[in-house]
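Residue-level listing of the chains:
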Amino acid sequence: MSGSTKQTNFGSRLGFILASAGSAVGLGAIWKFPYMAGTNGGAVFMLPYIFFTVTVGMALLLAEFAMGRAGRSGPVGSLNNVCGKPWGIFGGIGVFTVFLILSFYSIVGGWCLKDTADAATGAGLKIAPEQLGSYFGAFVSDGVSSYLMLLLFLFITAIVVLRGIDKGVERFAKVLMPALFVLMIVLIIRGVTLPGGWEGVKFLFDFSFDKLTWMSVLNAMGFTFFSLSLGCGIMVTYGAYLKDSTDIPNSSLWIAYLAIQTALLAGLMIMPAVFAMGQDPNAGPGLVFVTIPFIFSQIPFGWFFMILFNVCLLVAALTSSVSLLEVCIAYLQNEWHMKRISASILCYVGLALLGCVSALSFGVWSEVKIFDRIIFDFLDWFCSNIMMPLGGLSIALLAGWKAWNSTYVQVNVVRKYSASANSFIKFSLRFLAPLLVLVVIATGV
Ligand code: PFF
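Residue positions are given per chain, counting from 1 as you read along its sequence in written order. Confidence filtering applies because this is a predicted model: local features only for residues at pLDDT of at least 70, side-chain atom pairs given and counted only at 80 or more, and all residues used for totals across whole chains, interfaces and linings. Processing note: side-chain calculations cover all non-hydrogen atoms of the structure and skip hydrogens and water entirely.

### Quick notes on the site of the ligand
Reasoning step 1: It suffices for a single heavy atom of a residue to lie within 4 Å of a molecule or strand for the residue to be listed as near it. Residues in contact with the ligand amount to 16 residues; listed here are only the nearest, Ala24, Gly28, Tyr105, Phe226 and Ile234.
Reasoning step 2: In the environment of the ligand, an oxygen atom lies 3.0 Å from a nitrogen or oxygen atom belonging to the backbone of Leu27.
Reasoning step 3: Note that an oxygen atom of the ligand is positioned 2.7 Å from one of the backbone N or O atoms of Gly28.
Reasoning step 4: Here the Shrake-Rupley method, with its probe set to 1.4 Å, supplies the accessible areas, and only the displayed protein chains count as covering residues. About the coverage of the ligand: the protein hides 100% of its 340 Å² of free accessible area.
Reasoning step 5: Secondary structure elements are taken from DSSP: a helix is a run of H or I of four residues or more, a strand is a run of E of two residues or more, and numbering for both begins at the N terminus. Breaking the shell around the ligand down by element, the ones donating at least two residues are helix 1 (13–24), helix 2 (27–39), helix 5 (88–121), helix 11 (214–227) and helix 15 (302–336).
Reasoning step 6: Among the elements that take part in the shell around the ligand, helix 2 stands out by supplying three residues, more than any other. Counting of polar contacts relies on pairs of N or O atoms within 3.5 Å, with two restrictions inside protein: one atom must be capable of donating a hydrogen and the other of accepting it, and residues adjacent in sequence are counted only when both atoms are side-chain atoms.

### Topic: the confidence of the model for the protein chain
Reasoning step 1: Values of pLDDT, which run from 0 to 100, indicate the predictor's confidence residue by residue. Here the protein chain averages 88 in pLDDT, and 93% of its residues register 70 or above.
Reasoning step 2: Confidence, expressed as mean pLDDT per element, reaches its minimum in the protein chain at helix 1 with 69 and its maximum at helix 18 (residues 404–412) with 97.
Reasoning step 3: A contact between two residues is defined here by any heavy atoms of the two lying within 4.5 Å. Here residues 1–7 is modelled with pLDDT under 50, and outside its nearest four sequence neighbours on either side it reaches 22 contacts, counting other chains as well.

### Details of the packing of aromatic side chains
Where two aromatic rings form a pair, the distance of their centres and the angle of their planes describe that pair.
Reasoning step 1: Two aromatic rings, drawn from Phe, Tyr or Trp (for Trp, its six-membered ring), form a pair once their centres lie within 6.5 Å of each other, and the interplanar angle then sorts them: stacked below 30 degrees, edge-to-face above 60, tilted otherwise. In the structure shown here, the tally under the stated rule is 30 aromatic pairs.
Reasoning step 2: Judged by centre distance (6.1 Å) and plane angle (50 degrees), the ring pair of Phe45 and Phe223 falls under tilted. Of the two residues, Phe45 sits in helix 3 (residues 43–71) while Phe223 sits in helix 11, which places them 178 residues apart along the sequence. As far as burial versus exposure is concerned, Phe45 and Phe223 are alike and both buried.
Reasoning step 3: Ring centres of Phe203 and Phe275 lie 5.6 Å apart, and the angle between their planes is 45 degrees; on these two criteria the pair is classed as tilted. Residue Phe203 is found in helix 10 (residues 198–205), and its partner Phe275 is found in helix 13 (residues 248–277); the two are separated by 72 residues along the sequence.
Reasoning step 4: Relative accessible area decides the class of each residue, using a 1.4 Å probe on protein chains only: under 20% of the type maximum gives buried, over 50% gives exposed, and in between gives partly exposed. Overall, Phe275 belongs to the partly exposed group, its relative accessible area being 27%.
Reasoning step 5: An aromatic cluster is defined as three or more aromatic residues linked by ring pairs; in this entry it consists of Trp31, Tyr35, Phe104, Tyr105, Trp111, Phe136, Phe226, Phe289, Phe362 and Phe376.
Reasoning step 6: For a Lys NZ or an Arg CZ to count as sitting over a ring, it must be within 6 Å of the ring centre and within 35 degrees of the ring normal. Lying over the aromatic face of Phe226, Lys32 brings its terminal NZ or CZ to 4.0 Å of the ring centre.
Reasoning step 7: One residue, Arg430, lies across the ring of Trp401, its end atom 4.1 Å from the ring centre.

### Quick look at the packing of helix 3 against helix 18
Reasoning step 1: The interhelical angle for the contact between helix 3 and helix 18, taken along N-to-C directions, is 95 degrees, at an axis separation of 9 Å. In terms of orientation, helix 3 and helix 18 fall into the roughly perpendicular class. When helix 3 is examined against helix 18, the residues Leu62, Ala66, Arg69 and Ala70 are found in contact with a partner set consisting of Ser406, Thr407, Gln410 and Val411.
Reasoning step 2: Each residue receives one of three labels: charged for Asp, Glu, Lys and Arg, nonpolar for Ala, Val, Leu, Ile, Met, Phe, Trp, Tyr, Cys and Pro, and polar for the others, Gly being one of them. Among the residues forming the contact of helix 3 with helix 18, the class breakdown is four nonpolar, three polar and one charged. What counts as an axis is a line fitted to C-alpha atoms, over the stretch in contact for a helix, and the angles between N-to-C directions run from 0 to 180 degrees. Throughout, the term roughly parallel applies to angles under 35 degrees, roughly antiparallel to angles over 145, roughly perpendicular to angles from 65 to 115, and oblique to all others.

### A word on the layout of surface pockets
Reasoning step 1: A pocket here means an open set of points on a 1 Å grid, computed over the protein atoms alone, that has protein on both sides within 12 Å along at least five of seven lines. A cavity is instead a set of points where a 1.4 Å probe fits but cannot get out; residues with an atom within 4 Å of a point line either one. Grid points are joined across faces, edges and corners, and a volume is the space filled by probe spheres set on the points. By volume, the largest pocket is sized at about 360 Å³.
Reasoning step 2: The set of elements that each furnish at least two residues to the lining of the largest pocket consists of helix 2, helix 11 and helix 17 (375–402).
Reasoning step 3: In terms of residues, the lining of the largest pocket owes the most to one element, helix 17, which gives five residues.

### What about the nonpolar core?
Reasoning step 1: What is meant by a nonpolar core is a set of buried Ala, Val, Leu, Ile, Met, Phe, Trp, Tyr and Cys residues, joined one to another through side-chain atoms within 4.5 Å. Ile101, Trp111, Met269 and Phe309 are the most contacted members of the largest nonpolar core, which totals 150 residues.
Reasoning step 2: Per element, the largest residue contribution to this core is 16 residues, and it comes from helix 13.
Reasoning step 3: Sequence-distant contacts of Ile101, defined by excluding residues within four places in its chain, comprise Phe226, Cys232, Leu324, Cys383 and Met388.

### Re the side chain of Thr97
Reasoning step 1: Mapped onto the secondary structure, Thr97 falls in helix 5.
Reasoning step 2: When neighbours within four sequence positions are excluded, Thr97 is seen to be in contact with Cys232, Cys383, Met387 and Met388.

This is how it looks when you write it as structure tokens:
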């Protein structure tokens, strides 16, 4: 077997679900979902998102876990081990995508750090609601401070990764993910009871299909890939750390469920406050960062809850960024035989350079546009809507055709699923997922 990872298995099934859900559930659900729903018509974005998650998303989660556990390596090694030599190239493309994602994800991670610092010093709650937008805008367009935050976020990510999967990621995820849910519920209750807040709920659940466009369907599919960390080898890598006694279909179902639930809760947390503040739901990537301080300013002991919330959000971001960095480092270790520490340093430097380009796109380089988007938005769009779906397409085809026997064994290893369940999985991987991905990309682009 080429390039096997040294196995540090997940301590428990719950730990695995939480850590993979930790990769899935992160800034995507909390930062990205509300503004994507806001810019894509609210309710009509949610429907295709849920549809893609329970069809393509579930099938691919399962395929990636199966591929990883059978191949016991990173994306390249696992595909080579399971499907034969040239196929690992698709894993390599996935690693490249992961690298791109982490470069812009760290910017948003840096925004979380800044919010946490503001919460800790009390600065976040002193700003008048109407000035929150310009306060945040001034921070992101000042390249230096947002870049420093990015470097710090990457540094923390690297430290957690260096401590190892079971000591670092699993322990954090187990405690703080549930805490995040509880805090989100508190914020939802406050947001919905604000004057005008109910309008936000209506916006999320008012299905006017005239707002549905192919672009919003493509965006919804891209968001499914982004939010489940699919199509770039992340879940293949997590699968490689998975014990034989873990039931893959059942775990995939849980992860998809947790991802949808978090996105919906985040929508319910943000949209009422957006309407109560008189903000535009169309405001784009800064939406959450402008809205959250406002909701806390409306809550008794808001400063305390704001610190707690920001720490949880930071951990949600870290459990995702850690999974991204882990894949890059594992690739360098397995395929280029680098030491873990040198691989980490190399990744850090590369990401710091690429991250700088995206960070500047909010400030001095805001005029530089690719396909009408600033560099940050372009990278996000390109990774989510093109690279990840294409990566998913290749995994589906490989797991469904070339490696179906191995996929079948992995799916049924703990518990024998019925013939019809297995046929459905096979059909989804062979036809349904590839077809949906191709049609949506082709028409959307
Ligand atoms: N799924 C993560 C989130 O929603 O925040 C982001 C992410 C992690 C995307 C890992 C892609 C990935 F490979």
